[in-house]
Amino acid sequence: ISTFLKTFRALRHRPFRLFMGMQLLSLSGAWMQYVATSWLMYRLTDSAFYLGLLGFLLYSPSLFLSPLGGVLADRYERRKIMLGIQAVAMGQAVLLAVLTLTGLVTVGWLLFLSLVLGLTNAIDTPVRHSFVRDLVGEPSDMANAVAINSSMFNAARLVGPGIAGVVIAFWGEGVCFLVNAFSFAPVLLFLAGVKLSRVSRSSREMKGGFLTGFSYAWGFLPIRALLLLLMVVSMVVGVFQTLLPVFARDLFVGGGARLMGYLNSAAGLGAMAGALYLVGRESVVGLGRVISVAAAGLGAVLMIFSVLPGGWMTSSAAFLFGVSMILAVGSTNMVLQTVVDDDKRGRLMSLYGVCFLGVVPLGSLMAGVGGEVLGPRG
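Described in the following lines is the structure provided in the data block.

1. Brief notes about the overall build of the chain
Part 1: Along the backbone of the chain there are 15 helices and 0 strands.
Part 2: When the backbone C-alpha atoms are referred to their principal axes, the chain occupies close to 55 × 45 × 45 Å.
Part 3: With 378 residues in all, the chain has 59% of them scored as buried.
Part 4: Here the analysis covers contacts within the chain between residues at least 6 apart in sequence; of these, 87% occur between residues at least 24 apart.

Below is the structure:
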C-alpha cells in the first residue's frame, strides 16, 4: 500500500482524483467515437485519401487555435473554459449519433463534424493540460500528476477501441457515438460543482500575450529542442492512426472492425505500460535520453508494422508503437510542465498542442495521399 501511495502520490488531491475518474470514462467514449468515425468513413468511401482528410480536419485546428487556448488558459478561469468546451463536444457527439442512427449521415457530415470536434479540441488541449495544476495544489506533485494524466488517457485508449470494435460489429457505429455523448455527463457535473483551493491566474496577473510565451519557449534551448522533436513524432503518429483502418480491413489476415479495435487496444496497452513506467519515476532527471530513444523506436516500429502480414506480430508491433509513443510524448509533457514558469504554463501547453496535435494533420495528409499513390504499405 505504501508503494502504491508513493507511486500515485498526486491522487491524494481529491479534485485531481475525481477528475481522473471522470476522464477515464469520457476519454474511453472519445476513443470509441474516433474508431467508429474512421471506420464509417472508410466504409462509405473505400478511400485512404478521405481518411487522411478526416484526420486533417480533426487535428488541423490545433495548429491555429491552440495558441488562443493557451492565452485563455493563462488569462481566465480554466474550469469555466473547460465546462463550455465539454458542452460543445457533447453536442457534436449527440448530433453525430442521431445522424448515424437515422441513416442520414453522409461523408460531408462526417467531415464537418470532425472539424467541429477539432476546433473544440484545439482550445481544450492547452486548457486541460494547464488545469492539472489547479487540481494539484503542490508543485512537487506536478510531474507525477502529468504522468497519471497520461496513464488515464492511455487506459481509455486501451478500453475504448476494444469496445468500439465489438459494438461496431454487432450494432453499428451510431451506438458508439451515442455512448460517447453520454460519457460527457459526469465530466460536466464535476466541472460544474468542483471547489478548487487554487484557481488559475486572472488577466491582471498575466504578463504579455502569446508572443511572450513563444519567445520564452524559443529562447530556452531544452524547451525548443523538445518541441521540435515532438513535431516529428506527431507526424509518425498521424501516419499510423490514418492508415490503420486500411491495414485492418484490407491488408491483414482476418481483417475487420474487431481487428481494428484490437490493434488500437494493443497500442493503448503499450501506451499504458509506458505511462505506468513514467508514473513510477520519482523525478524528470534522465528523461531526455528516454525521449530520444523512444522517438527513434517509434520510426523503427512503424517500418516493421508496414511489412507485416498480420497475426500476433502485428499486435506486438502495435503494442511497441504505443510504448514508444507515450514515452516520447508523455516524457516531453512531464519535462515541460516541470520547467515552465507558472504564469506561462497555458501558453507553453498551447505550443505543445501545436507541435503534437497541430502537426498530426500533415502526417494524416501525407498518409492519405501516399496511401493512394504508393499504397498503404509504401
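2. Some words on the layout of surface pockets
Part 1: Taken as a whole, the largest pocket spans an internal volume of roughly 340 Å³.
Part 2: If you trace the largest pocket, you find 20 residues lining it, with Val239, Leu243, Leu302, Pro376 and Gly378 closest to the centre.
Part 3: Breaking the lining of the largest pocket down by element, the ones donating at least two residues are helix H10 (221–251), helix H12 (287–307) and helix H15 (360–373).
Part 4: No other element matches H10, which puts 7 residues into the lining of the largest pocket.

3. Quick notes on the packing of aromatic side chains
Part 1: All chains considered together, the criterion is met by 9 aromatic pairs.
Part 2: Between the aromatic rings of tryptophan 109 and phenylalanine 112, the centroid separation amounts to 6.0 Å while the plane-to-plane angle is 70 degrees, which identifies the pairing as edge-to-face. Placement of both tryptophan 109 and phenylalanine 112 in helix H6 (residues 107–135) is noted, with a separation of 3 residues, approximately one turn of the helix.
Part 3: Judged by relative accessible area, which is 33%, tryptophan 109 ranks as partly exposed.

4. Some points on empty space enclosed by the protein
Part 1: Under the criterion given, the structure shown has 1 cavity of 30 Å³ or more.
Part 2: Its boundaries defined by the atoms lining it, the largest cavity holds a volume of some 1,100 Å³.
Part 3: Lining the largest cavity we find 50 residues, and of these Leu27, Tyr59, Asn121, Arg128 and Phe153 sit closest to its centre.
Part 4: With 10 residues, the top contributor of residues to the lining of the largest cavity is H6.

5. As for the nonpolar core
Among soluble globular proteins, nonpolar side chains are generally buried collectively.
Part 1: In terms of nonpolar packing, the biggest core is built from 120 residues, with Phe16, Phe19, Ile148, Leu227, Met334, Leu336 and Leu348 touching the most fellow members.
Part 2: If sequence neighbours within four positions are ignored, leucine 348 has contacts with Ala217, Ile223, Leu227, Leu336 and Val340.

6. Section: the environment of isoleucine 223
Part 1: Position of isoleucine 223 among the secondary structure elements: in helix H10.
Part 2: Considered as a pair, isoleucine 223 and valine 339 are 116 residues apart in the sequence and their alpha carbons are 8.6 Å apart.
Part 3: Isoleucine 223 has contacts with Tyr216, Ala217, Leu336, Val339 and Leu348, leaving out every residue within four places of it along the chain.

7. What to know about helix H4 (residues 61–75)
Part 1: Helix length check: H4 (15 residues) gives 21 Å between terminal C-alpha atoms against 21 Å at 1.5 Å per residue, within 8%.
Part 2: If you look at H4, its biggest bend is around 25 degrees, right at proline 67.
Part 3: When H4 is considered as a whole, its buried residues turn out to be Pro61, Ser62, Ser66, Pro67, Gly69, Gly70, Val71, Ala73 and Asp74.

8. Focus: the packing of helix H11 (residues 257–279) against helix H13 (residues 312–339)
Part 1: Running from N to C, H11 and H13 point in directions that differ by 40 degrees, and their axes come no closer than 6 Å. Our classification of the angle between H11 and H13 gives oblique. Two packed elements cross with a definite hand, and for H11 against H13 that hand is right-handed. Residues Leu263, Ala266, Ala267, Leu269, Gly270, Ala271, Ala273, Gly274, Ala275, Tyr277 and Leu278 of H11 form the contact with H13, whose participating residues are Thr314, Ser315, Ala318, Phe319, Gly322, Val323, Met325, Ile326, Leu327, Gly330, Ser331 and Met334.
Part 2: Its residues assigned to classes, the contact of H11 with H13 shows 16 nonpolar, 7 polar and no charged.

9. As for the side chain of glutamine 23
Part 1: Mapped onto the secondary structure, glutamine 23 falls in helix H2 (residues 14–45).
Part 2: Excluding residues within four positions of it along the chain, glutamine 23 makes contact with Ser28, Arg128 and Asn149.

10. Topic: helix H5 (residues 78–101)
Part 1: Across its 24 residues, H5 extends 34 Å between first and last C-alpha, which sits within 8% of the 34 Å expected from 1.5 Å per residue.
Part 2: Taken from the residues just after H5, glycine 103 is the one with a positive phi, measuring 75 degrees.

What counts and how
- Residues numbered from 1 in each chain as written.
- Predicted model: local features only at pLDDT ≥ 70, side-chain atom pairs only at ≥ 80, totals over all residues.
- Heavy atoms only, no water.
- Helix = DSSP H or I, 4+ residues; strand = E, 2+ residues; numbered from the N terminus.
- Buried < 20%, exposed > 50% of the residue type's maximum accessible area, 1.4 Å probe, protein only.
- Contact = heavy atoms within 4.5 Å.
- 1 Å grid on protein atoms, 1.4 Å probe; cavity = no way out; pocket = protein on both sides within 12 Å on 5 of 7 lines; lining within 4 Å.
- Points joined across faces, edges and corners; volume = space filled by probe spheres on them.
- Phe/Tyr/Trp six-rings, centres within 6.5 Å; stacked < 30°, edge-to-face > 60°.
- Core = buried A, V, L, I, M, F, W, Y, C linked by side-chain atoms within 4.5 Å.
- Expected span 1.5 Å × (residues − 1).
- Bend = angle between axes of the 7 residues up to and from the residue.
- Axes fitted to C-alpha atoms, helices over the stretch in contact; angles between N-to-C directions.
- Parallel < 35°, antiparallel > 145°, perpendicular 65-115°, else oblique.
- Left-handed = near helix turned anticlockwise from the far one by under 90°.
- Nonpolar A, V, L, I, M, F, W, Y, C, P; charged D, E, K, R; others polar.

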